[in-house]
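Residues per chain, in single letters:
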Amino acid sequence: MTVTEFVDLRSDTVTRPTAGMREAMATAEVGDDVYGEDPTVVALEAEVAARFGHEAALFAPSGSMANQIALQLVVPPGEELLCDADAHVVTYEIGAAAAYGGISSRTWPAVGAEIDPEVVAGMIRPDGYFAVPTRAIAVEQTHNRGGGGVIPLATLGELRQIADEHGLALHCDGARIWHAHVADRVPLAEYGALFDTMSVCLSKGLGAPVGSLLVGSAEKIERARWIRKRMGGGMRQVGILAAAGRYALDHHVERLAEDHAKAARLAEAVAPFGVLATPVRTNIVPLDLTKHPLDAKALAAAARAEGVLISVLGPRTARLVTHLDVSDGAVDRAAATLTHLLRA
Ligand SMILES: Cc1ncc(COP(=O)(O)O)c(C=O)c1O
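First, a word on what this report is: a plain description of the structure on this page.

Rules and cut-offs
- Residues numbered from 1 in each chain as written.
- Predicted model: local features only at pLDDT ≥ 70, side-chain atom pairs only at ≥ 80, totals over all residues.
- Heavy atoms only, no water.
- Near = heavy atom within 4 Å.
- Polar contact = N/O pair within 3.5 Å; in protein donor to acceptor, adjacent residues only side chain to side chain.
- Areas by Shrake-Rupley, 256 points an atom, 1.4 Å probe, with all protein chains shown as cover.
- Helix = DSSP H or I, 4+ residues; strand = E, 2+ residues; numbered from the N terminus.
- Nonpolar A, V, L, I, M, F, W, Y, C, P; charged D, E, K, R; others polar.
- Pairing = 2+ DSSP bridges.
- Axes fitted to C-alpha atoms, helices over the stretch in contact; angles between N-to-C directions.
- Contact = heavy atoms within 4.5 Å.
- Salt bridge = Lys/Arg side-chain N within 4 Å of Asp/Glu carboxyl O.
- Buried < 20%, exposed > 50% of the residue type's maximum accessible area, 1.4 Å probe, protein only.

**Some details on the site of the ligand**
And then number 1: Around the ligand sit S62, G63, S64, N67, H88, E93, E140, N144, D173, A175, R176 and K204, and those are all the residues in its vicinity.
And then number 2: Between the ligand and the protein, one listed contact pairs an oxygen atom with a backbone N or O atom of G63 at 2.8 Å.
And then number 3: Protein chains shield 83% of the accessible area of the ligand, which is 380 Å² for the free molecule.
And then number 4: No other element matches the 3 residues that helix α3 (residues 63-74) contributes to the shell around the ligand.
And then number 5: Each residue belonging to the shell around the ligand can be placed in one class, and the counts come to 1 nonpolar, 6 polar and 5 charged.

See below:
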């Protein structure tokens, strides 16, 4: 079986560019972006900044780099970032905040996408030579390890207020902010108004092959350009990739509702077996196998043998993710396979 014959529910990063996207890439106008001369990149950056109501944006090769540039912008070396213990920035970015930014990270316990602003406020340390000063708070919208959960706008507003009271920056890892926008119908600019910096991905649900943007003030993005180059992220005729991103913004945002509906169908299929970790809000179906005879590895291996790929996140934690390349028929097939394996 080749990988394209599987129903691939491991991640929404596995999508392949559509014919329309490839056409847009092939015909993109390009130039040297390190010289600021790629018109397609310039247009993408302006468009994304405008969607979030910010002054500027910077195209980055990955969500991890966009996050890490943001953290270096808002937290000086030796000072502190607060985020939840399951956040991508402290789980999957290979210690980059410490390695590149000298940033000390402290976490609050993760409970899906839920945040208690009082807990966060209670962790903030004041300036002074006797303690690590807190400089920024980061949140993840939607929350990847939190089962695609959406942080309510009101909670984000409370965090903004806390950040303002303490002079802290608020960063959003918005790799899947598009999903939150579609699920909760919150305008992107309303999210944008809450954050000092945001990273947003084109290569997750939106289906572009590469690319993320860091969004912020003109002054921050100017400094970000410098940090990106220092990290080896200066790119040349990258309008080919920016064109894929522009195409994705035009064609693949509203359709995320279809991915959410497919995830809901998968959730409905597995729910009777007591393995749904949290209610499904977006395109991620988190599985908690604590009380099931199969552990995550065993379930993934058995599903693979039947042509369905799922992610193992922990000994008893697995994940299904819907995306552009998962058809209705594929959802039916996956639901039937998982039902059969979970029942056995
Ligand atoms: C929430 C979140 N943030 C950031 C990233 C990093 O993106 P990239 O793989 O492009 O570095 C991911 C990747 O899946 C993610 O899920």
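**Some words on the sheet that holds strand β11 (residues 311-314)**
And then number 1: In space, the 3 strands of this open sheet follow the order β9-β12-β11, with antiparallel pairing throughout. Each end of this open sheet is capped by a strand with a single partner; those strands are β9 (284-288) and β11. Within the sheet, the average angular offset between the axes of one strand and its neighbour, ignoring direction, is 30 degrees.
And then number 2: Examined bridge by bridge, β9 and strand β12 (residues 317-321) share 5 bridges and lie antiparallel to one another. Looking across to β12, one finds that I284 is bridged to V321.
And then number 3: Sheet strands in contact with helix α12 (residues 256-270) are β9 and β12, and its direction is about 20 degrees off that of β9.

**Some points on the pattern of salt bridges**
And then number 1: For the structure shown, the criterion picks out 22 salt bridges.
And then number 2: Ionic pairing is found between R135 and D127, a salt bridge with its closest N-O pair at 2.9 Å.
And then number 3: Note on R135: relative accessible area 24%, which makes it partly exposed.
And then number 4: The salt bridge partner of R281 is D184, with a shortest N-O separation of 2.6 Å. In this pair, R281 sits in the loop between α12 and β9 while D184 sits in helix α8 (residues 177-184), placing the two residues 97 residues apart along the sequence.

**Some details on the pairing of strand β2 (residues 56-60)**
And then number 1: Most of β2 sits out of view: 5 of its 5 residues are buried.
And then number 2: Where burial is concerned, the two faces of β2 agree: the one with A56, L58 and A60 and the one with A57 and F59 are both buried.
And then number 3: When β2 meets strand β8 (residues 212-216), the two strands line up antiparallel, connected through 5 bridges. When the sheet's bridge partners are listed, A60 is paired in β8 with S212.

Note that every value here comes from positions in space, so none of it alone points to a role or purpose.
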